[in-house]
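An overview of the molecular structure
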Number of protein chains: 2
Amino acid sequence: MRLSRYFLPVLKETPAEAEIVSHQLMLRAGMIQQLSAGIYSWLPLGWRVLQKVEAIVREEMDRSGAIEILMPTIQPADLWRESGRYDAYGKEMLRIKDRHERDMLFGPTNEENVTDIFRRHVKSYRQLPLNLYHIQWKFRDEVRPRFGVMRGREFLMKDAYSFDLDLEGARRSYDAYFVAYLRAFHRMGLTAIPMVADTGPIGGDMSHEFQILASTGESEVFFDAAFEDIDFGDPNLDPERLKALYAAADEKHDPATCPVPKDRLRSGRGIEVGHIFYFGTKYSEPMNATVSTADGADVPVHMGSYGIGVSRLVGALIEANHDAAGIVWPESVAPFKVGIVTIRHDDEAANALAEDLYRKLTGAGVEVLWDDRDERAGAKFATMDLIGLPHQVTVGPRGAKSGRVEVKDRRGGAKDELSLDAAIERLAR
Amino acid sequence: MRLSRYFLPVLKETPAEAEIVSHQLMLRAGMIQQLSAGIYSWLPLGWRVLQKVEAIVREEMDRSGAIEILMPTIQPADLWRESGRYDAYGKEMLRIKDRHERDMLFGPTNEENVTDIFRRHVKSYRQLPLNLYHIQWKFRDEVRPRFGVMRGREFLMKDAYSFDLDLEGARRSYDAYFVAYLRAFHRMGLTAIPMVADTGPIGGDMSHEFQILASTGESEVFFDAAFEDIDFGDPNLDPERLKALYAAADEKHDPATCPVPKDRLRSGRGIEVGHIFYFGTKYSEPMNATVSTADGADVPVHMGSYGIGVSRLVGALIEANHDAAGIVWPESVAPFKVGIVTIRHDDEAANALAEDLYRKLTGAGVEVLWDDRDERAGAKFATMDLIGLPHQVTVGPRGAKSGRVEVKDRRGGAKDELSLDAAIERLAR
């Protein structure tokens with residue numbers, strides 16, 4: 001993409017309304033624009049990152065065996081009356097009347113909808129396990145939305161739902177999500193710590209929150225140093241071993257009873273980006289979602305739900321990846337992998353070299369943003385640092401004479417002067 | 001995908017509420033499920049087709065130079081008061097009050113939102129032309145939603161918006177969409193006829209509807225036989241030549257004044273799947289979206305909007321591609337390219353051959369649905385015909401002995417007995 005033909009409305013000033021760094025940087029880098037409190041338009045750069053995050057989540061869901069569907073945003077209130085949640089849910093539910101005065105709502109989550117799909121089509125234990133997920137916009141009418149996409153009202157969530165015959169099956173489903181989540185966050189360059197969360201009246205150990213570490217995180221978290229040695233990219237991650245490791249948020253951590261010796265205890269700031277939760281027959285019983293067993297009995301299906309805050313992750317990624325100059329994207333979620341800067345717009349040799357590089361890299365499937373605008377070099381460098389592309393290539397009149405370019409890693413800042421071919425070889429791999 | 005692990009809830013009976021063939025087949029093939037009047041969940045098979053259609057539309061938008069963003073579903077009423085449409089829009093607008101009693105709405109379209117983005121960031125003619133698009137769920141509260149996804153209340157639309165300095169620039173943008181639309185529909189295997197549509201008070205010739213031909217179409221359309229000779233895949237399609245060809249819907253066609261001689265006049269049934277529209281300064285004037293000209297004057301920007309009904313296209317595709325046995329997907333939008341049927345579940349050799357085929361095809365990047373269930377062969381064939389995968393491969397005990405399989409084209413029904421290697425070569429290309 002040539003920047004002269006792109007739409008990247010960066011801001012020079014930090015907007016006063018943005019309290020946290022990810023919100024500030026998303027506004028400054030032209031990633032989002034607020035339309036109404038807690039409701040954002042995703043501008044081209046932000047939309048690219050959101051799609052990258054979404055794609056990783058989708059791939060890991062598919063790999064885990066979950067099947068993608070898409071449920072709508074608007075739901076009928078009657079379905080939520082069946083589960084008892086229509087009255088129980090507070091003012092965060094956006095309640096709507098349609099033109100026929102029927103009670104509708106903008107879904108804050110989809111347990112009722114997916115249970116309705118299940119009960120209409122699945123009748124036998126032989127059709128289990130079943131895991132369905134979707135990635136869809138939700139609405140929660142927060143009383144005071146803030147922190148940009150970290151606590152918006154309209155937000156993109158991946159929510160998956162497991163259906164199993166019994167607790168044993170549900171545990172297998174649960175474990176598959178547990179591993180898929182760690183893998184997804186790891187692929188985004190994030191360290192995610194799973195922590196036991198409240199299960200409410202159901203009890204048991206089948207509820208975990210996933211907190212990613214960022215110095216600007218919302219809450220303090222404590223965890224076993226063993227987490228630092230885990231290879232979360234390992235295809236054979238053992239969920240039981242990970243669940244056995246100590247991890248707790250501030251309000252639950254008690255130094256007096258913490259089982260981890262002091263020298264093996266780590267702490268950091270965490271941001272919640274996922275939650276997995278087994279809730280048994282909470283919805284299947286009132287909604288009559290039953291399956292026949294091998295013995296011919298009818299039993300309510302065991303369910304769990306598994307959420308990842310996809311739009312929230314974009315903010316969380318920035319909280320965990322930035323410096324004074326701007327965002328520092330991990331390569332897997334970067335809007336473009338490479339940025340090219342031509343430092344003299346009117347130099348023909350430099351422009352020709354940049355164009356050659358641009359064509360060869362895009363031809364090799366590399367996503368490139370070329371700042372070909374007639375702007376001062378300093379402004380271009382500042383923009384590149386702000387938007388945080390992993391690799392920046394500078395093409396100037398001097399280098400152009402000898403066919404050389406400067407390649408800088410955004411993270412760490414290491415610079416190398418390379419021939420065009422060497423630069424392409426490094427950037428296209 | 002193995003069907004035993006998939007979620008494909010096909011129906012034996014045609015649901016009584018479905019009046020048209022695409023609605024019937026989408027329900028029978030387990031593609032969608034109604035949640036409320038005009039609101040559907042997309043089940044796995046339907047979701048895959050919707051994604052294919054969306055991907056083609058996205059690729060053709062990107063190729064045309066439009067830049068993707070994502071605007072939210074919920075919008076503040078105040079923005080629509082600026083354009084005057086909040087009061088003008090009728091009951092089809094889903095009006096909402098949030099917890100603070102602020103007037104909001106579920107966007108039926110996004111002219112106001114995109115104009116607001118524009119006016120905040122674009123100030124100079126040098127930043128033009130600008131073309132922004134998004135693919136987002138819309139809501140129109142139809143009084144009597146029907147025909148499944150063809151006239152739903154919640155529907156997926158691609159809407160693009162052009163911003164130009166003047167009419168001449170707007171015409172260039174318009175022509176780019178005109179060509180991109182024809183190319184997108186052509187890639188879906190559809191013949192789309194562009195017809196001049198009403199421009200309202202603005203007048204002029206810059207409004208076209210795109211009607212695809214299907215024997216079950218909504219309205220009769222008449223067009224010049226020259227359309228039949230156009231290669232819509234041609235990268236150098238000439239929009240002016242196509243616009244000059246006669247095409248008109250029933251209510252506008254008058255045999256007495258039709259300029260096309262009878263022997264060159266064709267007619268068919270059409271389904272509207274896209275609409276492009278230049279509307280000048282209709283929104284930019286009241287909303288103060290101005291740019292400075294080279295002379296230093298401030299002028300309201302010229303705009304157009306360009307819609308494709310993405311979810312509607314899934315229905316339209318079926319209207320144009322079905323037979324008595326079910327759907328006949330064009331390959332580019334098929335949920336899977338190949339279906340494998342094993343006709344004796346208990347035959348080891350057949351199963352081994354099918355598995356070998358399945359692995360090799362998926363390994364080659366081909367999307368395959370393997371019906372590996374313990375079901376009668378007749379039921380499996382009926383399901384395959386119903387869901388309409390372009391290529392069906394039957395693996396039976398007899399063929400397995402000699403390593404041969406039967407490959408059937410869903411469209412046309414031609415069958416060939418092939419060796420495994422020959423089948424793979426044909427299906428993987």
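**A short note on the overall build of chain A**
Helix and strand content of chain A: twelve helices and 23 strands. The C-alpha atoms of chain A give 24 Å as radius of gyration, which agrees with the globular expectation for 429 residues (22 Å, within 12%). Viewed in the frame of its principal axes, chain A has a C-alpha envelope of about 80 × 60 × 40 Å. Looking at the 429 residues of chain A, the share that counts as buried comes to 59%.

**Re the nonpolar core**
Core analysis: the biggest nonpolar cluster contains 105 residues, and Met31(A), Trp42(A), Trp329(A) and Phe163(B) have the highest contact counts within it. When residues of this core are assigned to their parent elements, the largest contribution, ten residues, is made by helix α6 (residues 167-187) of chain A. For Met31(A), the contacting residues outside a window of four places in its chain are Met26(A), Ser41(A), Trp42(A), Leu43(A), Leu45(A), Gly46(A), Val49(A), Val314(A), Ile318(A), Ile327(A) and Trp329(A). Among the nonpolar cores identified, the runner-up in size contains 104 residues, and Ile69(A), Phe223(B), Leu237(B) and Leu245(B) belong to it.

**A closer look at the sheet that holds strand β4 (residues 74-76) of chain B**
All names here are of chain B. Read across the sheet, three strands follow the order β4-β6-β5 without closing on themselves; strand pairing throughout is antiparallel. In the strand order of this sheet, the two ends are held by β4 and β5 (94-97), each with one partner. If you compare each strand with its neighbour and ignore which way they point, the axes differ by 35 degrees on average. For β5 and strand β6 (residues 103-106), the ladder comprises four bridges, and the chain directions are antiparallel. Paired with Ile96 across the bridge in β6 is Met104.

**Considering the domain arrangement of chain A**
Residue and element names in this part refer to chain A. Considered domain by domain, chain A is made up of domain 1 (3-323) and domain 2 (336-427). Taking only C-alpha atoms into account, the centre of domain 1 sits 38 Å from that of domain 2. Between domain 1 and domain 2, the residue contacts involve 13 residues of the former and twelve residues of the latter. Between domain 1 and domain 2, a total of about 1,200 Å² is buried, with carbon and sulfur atoms accounting for 61% of that surface. The interface formed by domain 1 and domain 2 contains three salt bridges. In this structure, the salt-bridge partner of Lys52 is Glu367, at a minimum N-O distance of 2.4 Å.

**Structural notes on the packing of helix α2 (residues 44-64) of chain B against helix α8 (residues 310-320) of chain B**
All names here are of chain B. Put simply, α2 and α8 touch, their axes get as near as 9 Å, and they point 110 degrees apart. Compared by their axis directions, α2 and α8 come out roughly perpendicular. The two elements α2 and α8 meet at a crossing, and its hand is right-handed. Listed contacts from α8 to Val49, Leu50, Val53 and Glu54 of α2 are Val310, Ser311, Leu313, Val314 and Leu317. When grouped by side-chain class, the residues that make up the contact of α2 with α8 number seven nonpolar, one polar and one charged.

**Notes on the interface of chain B and chain A**
Each partner contributes residues to the interface: chain B has 57 residues there, and chain A has 57 residues. Inspection of the chain B/chain A interface yields two salt bridges. Between the two partners, chain B and chain A, sit 18 residue pairs in polar contact (both at pLDDT 80 or more). Looking at the side of chain B that touches chain A residue by residue, the class counts come to 30 nonpolar, eleven polar and 16 charged.

Reading the values: rules and limits
- Residues numbered from 1 in each chain as written.
- Chains lettered and ligands numbered in written order.
- Predicted model: local features only at pLDDT ≥ 70, side-chain atom pairs only at ≥ 80, totals over all residues.
- Heavy atoms only, no water.
- Helix = DSSP H or I, 4+ residues; strand = E, 2+ residues; numbered from the N terminus.
- Rg over C-alpha atoms; globule rule 2.2 N^0.38 Å.
- Buried < 20%, exposed > 50% of the residue type's maximum accessible area, 1.4 Å probe, protein only.
- Core = buried A, V, L, I, M, F, W, Y, C linked by side-chain atoms within 4.5 Å.
- Contact = heavy atoms within 4.5 Å.
- Pairing = 2+ DSSP bridges.
- Axes fitted to C-alpha atoms, helices over the stretch in contact; angles between N-to-C directions.
- Domains from an automatic or database assignment.
- Buried area = accessible area lost by both parts, 1.4 Å probe.
- Salt bridge = Lys/Arg side-chain N within 4 Å of Asp/Glu carboxyl O.
- Parallel < 35°, antiparallel > 145°, perpendicular 65-115°, else oblique.
- Left-handed = near helix turned anticlockwise from the far one by under 90°.
- Nonpolar A, V, L, I, M, F, W, Y, C, P; charged D, E, K, R; others polar.
- Polar contact = N/O pair within 3.5 Å; in protein donor to acceptor, adjacent residues only side chain to side chain.

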